[in-house]
Amino acid sequence: MSDTNGPRALLKRIRVWLVVFIVCLVLSGATAFPLVTELRLVDGALDTWAAPLADTFPGLAEWIARVRTGIEAADARAPYLLYGTDWLAFAHLVIAVAFYGPYRDPVRNIWVIEFGMIACVGIIPLALICGPVRDIPFWWSVIDMSFGVFGILPLLAVRRLIKRLEALEAAEGTPAPAPAAGRTSPA
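All of these numbers come straight from a predicted model, not from anything done at the bench. (Residues numbered from 1 in each chain as written. Predicted model: local features only at pLDDT ≥ 70, side-chain atom pairs only at ≥ 80, totals over all residues. Heavy atoms only, no water.)

1. Describing the overall build of the chain
- Within the chain, the secondary structure is distributed over 8 helices and 0 strands.
- Sequence-ordered secondary structure for the chain, helices as α and strands as β, is α-α-α-α-α-α-α-α.
- Relative to the globule expectation of 16 Å for 187 residues, the C-alpha radius of gyration of the chain, 21 Å, shows a markedly less compact shape.
- When the backbone C-alpha atoms are referred to their principal axes, the chain occupies close to 60 × 35 × 35 Å. (Helix = DSSP H or I, 4+ residues; strand = E, 2+ residues; numbered from the N terminus. Rg over C-alpha atoms; globule rule 2.2 N^0.38 Å.)

Structural data, given as structure tokens:
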């Protein structure tokens, strides 16, 4: 069997996908902390260098201005409300840590990948139900739903690769590849 299809090559591909997914989770979590600053920057950009975008999509500019006004008011009058987005950010970071399990031992921890896939699917009904309840424009709910769609794609690829790795190991009767970072598996 060629080295490009062997267990080590599959493990490397799995780990690359997982690192990309983990980085995206961390970035999406980290951006939930500085909402006030981010909205000021985005709203300012739509008035200056990104004005052509605001001209093309006036609903976007209006929505960003409305959200900025609301977030700034909450920050000024009831900053404890933003504590909820801090917990959202923390949840993203914790979920990212969970993906270290499949990074280390993909076959044993495939359930984390499947859990992530379920979470990605769950984004769609959440956006469709809670969006209208919270007066979120439908087009913004579509953007939110895209996180589930784009999130599930690498997880589907990883799951497929893990199943190939599992089958290859079973056929070859070989143990799983060595864990990452020189660690040893518990006996």
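2. Focus: the packing of aromatic side chains
- Scanning all chains against the criterion turns up 6 aromatic pairs.
- Ring geometry for tyrosine 100 versus tyrosine 103: centroids 6.1 Å apart, planes at 20°, classification stacked. Of the two residues, tyrosine 100 and tyrosine 103 are both situated in helix α6 (residues 100-104); the distance of 3 residues between them amounts to about one turn of the helix.
- Sitting over the ring of tyrosine 103, arginine 15 keeps its end group 4.9 Å from the ring centre. (Phe/Tyr/Trp six-rings, centres within 6.5 Å; stacked < 30°, edge-to-face > 60°. Lys NZ or Arg CZ within 6 Å of the ring centre and 35° of its normal.)

3. Topic: the nonpolar core
- Counting 20 residues, the largest nonpolar core has Ile14, Leu18, Phe99, Ile113, Leu155, Val158 and Ile162 as the members making the most contacts within it.
- Those elements giving two or more residues to this core turn out to be α1 (7-30), α7 (110-133) and α8 (138-172).
- A total of 7 residues in this core trace back to one element, the largest contributor, which is α8.
- Setting aside residues up to four positions removed in sequence, phenylalanine 99 forms contacts with Leu18, Phe21, Ile22, Leu25, Val112, Ile113, Gly116 and Leu155.
- Counting 10 residues, the second largest nonpolar core, distinct from the first, contains Leu39, Ala45, Ala54 and Ala61. (Core = buried A, V, L, I, M, F, W, Y, C linked by side-chain atoms within 4.5 Å. Buried < 20%, exposed > 50% of the residue type's maximum accessible area, 1.4 Å probe, protein only. Contact = heavy atoms within 4.5 Å.)

4. Looking at the pattern of salt bridges
- Scanning all chains against the criterion turns up 7 salt bridges.
- Residue arginine 108 is joined to aspartate 105 by a salt bridge in which the shortest nitrogen-to-oxygen separation is 3.5 Å.
- Overall, the relative accessible area of 54% leaves arginine 108 in the exposed class.
- Several salt bridges converge on common partners, so that one network encompasses Arg40, Asp43, Arg68 and Glu72. (Salt bridge = Lys/Arg side-chain N within 4 Å of Asp/Glu carboxyl O.)

5. Concerning α7
- The end-to-end C-alpha distance of α7 is 35 Å, a good match for the 34 Å that 24 residues give at a rise of 1.5 Å each.
- Alanine 127 marks the point of greatest bend in α7, at about 30°.
- As for α7, its buried residues are in contact with α1, α5 (83-98), α6 and α8.
- After α7 finishes, the residue aspartate 135 shows a positive phi value of roughly 60°. (Expected span 1.5 Å × (residues − 1). Bend = angle between axes of the 7 residues up to and from the residue.)

6. Section: α8
- Look at α8: 51 Å from first C-alpha to last across 35 residues, which is about the 51 Å you get at 1.5 Å a residue.
- Downstream of α8 by a residue or two, glycine 173 has a phi angle that is positive, lying close to 65°.

7. Regarding the environment of isoleucine 123
- Position of isoleucine 123 among the secondary structure elements: in helix α7.
- Separated by 24 residues in the primary sequence, isoleucine 123 and phenylalanine 147 have C-alpha atoms spaced 7.7 Å apart.
- When near neighbours in sequence (up to four residues on either side) are disregarded, isoleucine 123 contacts Asp144, Met145, Phe147 and Gly148.

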